[in-house]
Amino acid sequence: MKILGSGTSQGVPVIGCKCRVCTSVDANDHRLRSSAILQSATTTVLIDSGPDMRYQLLRAGIDDIDAVLITHQHQDHTAGIDDLRAINFIQKHSIPIYCSEAVEMRIREQYSYIFQNSDYPGIPQINFRRIPSNSFLIGDIKVQPLFLWHADLPVICFRVGDCAYITDANNIPKREWKKLQGLENLVINALRKEKHHSHFSLEEALTLADDLSVTNCYFTHISHQMGRHATVQAELKQNRFLAWDGLELPINI
Ligand SMILES: [Zn+2]
Ligand SMILES: [Zn+2]
Ligand SMILES: [Zn+2]
């Protein structure tokens, strides 16, 4: 798994902000909107297609995507959908988008031009697939969906092998905990140190990582309010890390 973006909805730096984080020259303080990619020998799966997707794919050298998993309908996770046409031009077929019914409805509303039966060639070609309630295969990648809450909005996150990716959640129902046992690497959202109504805080995410006994935990979807990467990282205990754009984690299937 590669983290393509580790920032919250505005990204870091925030336009116009002169805070210590937004003016930092440390590359780890530059965070595009949250997204990740899963790659096996034969299959590439993108998790979320946010507004920075085009640049993230260019930066990671990715021009082949077998499917996109969408966690939820917020713009910082969907606004790059139009740029999937670049992949269509290469692949010459539509891209499966795995999501919930509610997410599909929202995408159909917000990108209505995609679904209007126009034969204009610059329109992205996507087709919806429903995320099932149990594990499913995309190519040779076995994906375990995790049904979580982002305040009162359902969010679907994913476990692959011994790695789980949890973004935009602040509540993991107990019934999902059994799917999170035996993790070597957990990537989980931690917006900032202060509590937030729809994201885990750093302290909440740290506690969760300990409660789940994960070996390594990486915090993502980070706001400039978190503080500078190097400063906050120095405060964390062993095997607990702020994620950064470009972070690569091995996955043992
Ligand atoms: Zn988000
Ligand atoms: Zn700032
Ligand atoms: Zn969200």
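Quick caveat: nothing in here was measured; it's all calculated off a predicted structure.

(A) Seen up close, the coordination of the zinc ion (ligand 3). Every protein donor of the zinc ion (ligand 3) is listed here as His 72 (NE2), His 74 (ND1), His 150 (NE2) and Asp 168 (OD), and their distances to the metal cover 2.2 Å. Around the zinc ion (ligand 3), the four donor atoms sit at angles spanning 90 to 170°, and that spread fits a shape best called irregular. When the donors of the zinc ion (ligand 3) are listed by position in the chain, the intervening gaps give H-x1-H-x75-H-x17-D. Separating the zinc ion (ligand 3) and the zinc ion (ligand 1) is a distance of 3.5 Å, and Asp 168 donates to both of them. Taken together, the residues His 74 in the loop between β4 (67-69) and α2 (75-78) and Asp 168 in the loop between β10 (163-166) and α5 (174-177) connect sequence positions 94 residues apart. Look at His 74 and you get partly exposed, because its relative accessible area is 32%.

(B) Looking closely at the nonpolar core. Of all hydrophobic cores here, the largest spans 29 residues; its most connected members are Ile 166, Ile 172, Leu 186, Ile 188, Leu 202 and Phe 219. Broken down by secondary-structure element, the contributors of at least two residues to this core are β8 (141-150), β9 (153-160), β10, β11 (185-189), α6 (202-211) and β12 (216-220). The leading source of residues in this core is α6, at five residues. Setting aside its immediate chain neighbours within four residues, Ile 166 contacts Leu 146, Leu 148, Cys 157, Ile 172, Leu 180, Leu 186, Val 187, Ile 188 and Asn 189.

(C) Examining α6 more closely. The set of residues buried in α6 consists of Leu 202, Ala 205, Leu 206, Leu 208 and Ala 209. One side of α6 holds all its buried residues, which, seen down the axis, span an arc of 160°. Buried residues along α6 sit in contact with α5, β11, β12, α7 (229-235) and β13 (240-242). One or two residues past the end of α6 sits Ser 213, with phi positive at roughly 55°.

(D) The packing of aromatic side chains, seen in detail. Evaluated as defined, the whole model comprises three aromatic pairs. Pairing Tyr 98 with Phe 136 gives two aromatic rings, centres 5.3 Å apart and planes at 25°, and the pair type is stacked. Of the two residues, Tyr 98 sits in strand β5 (residues 95-99) while Phe 136 sits in strand β7 (residues 136-138), which places them 38 residues apart along the sequence. For the pair Tyr 98 and Phe 136, a shared accessibility class is recorded, and that class is buried. On the basis of an interplanar angle of 25° and a centroid distance of 5.8 Å, the ring pair of Phe 115 and Phe 128 is categorised as stacked. Of this pair, Phe 115 sits in the loop between α4 (101-110) and β6 (126-130) while Phe 128 is found in strand β6, placing the two residues 13 residues apart along the sequence. Exposure remark for Phe 115: the relative accessible area of 25% places this residue in the partly exposed category. Residue classification places Phe 128 among the buried positions, given a relative accessible area of 15%. A cation over a ring is seen here: Arg 108 above Phe 115, with NZ or CZ 4.8 Å from the ring centre. When the ring centre of Trp 177 is taken as reference, the NZ or CZ atom of Lys 174 above it lies at 3.8 Å.

So, how was this worked out
Residues numbered from 1 in each chain as written. Chains lettered and ligands numbered in written order. Predicted model: local features only at pLDDT ≥ 70, side-chain atom pairs only at ≥ 80, totals over all residues. Heavy atoms only, no water. Donors = N, O, S within 2.8 Å, 3.2 Å for Na, K, Ca; no water. Tetrahedral: all angles 85-135°; square planar, octahedral: opposite > 155°, others 65-115°. Helix = DSSP H or I, 4+ residues; strand = E, 2+ residues; numbered from the N terminus. Buried < 20%, exposed > 50% of the residue type's maximum accessible area, 1.4 Å probe, protein only. Core = buried A, V, L, I, M, F, W, Y, C linked by side-chain atoms within 4.5 Å. Contact = heavy atoms within 4.5 Å. Arc of directions from axis to C-beta. Phe/Tyr/Trp six-rings, centres within 6.5 Å; stacked < 30°, edge-to-face > 60°. Lys NZ or Arg CZ within 6 Å of the ring centre and 35° of its normal.

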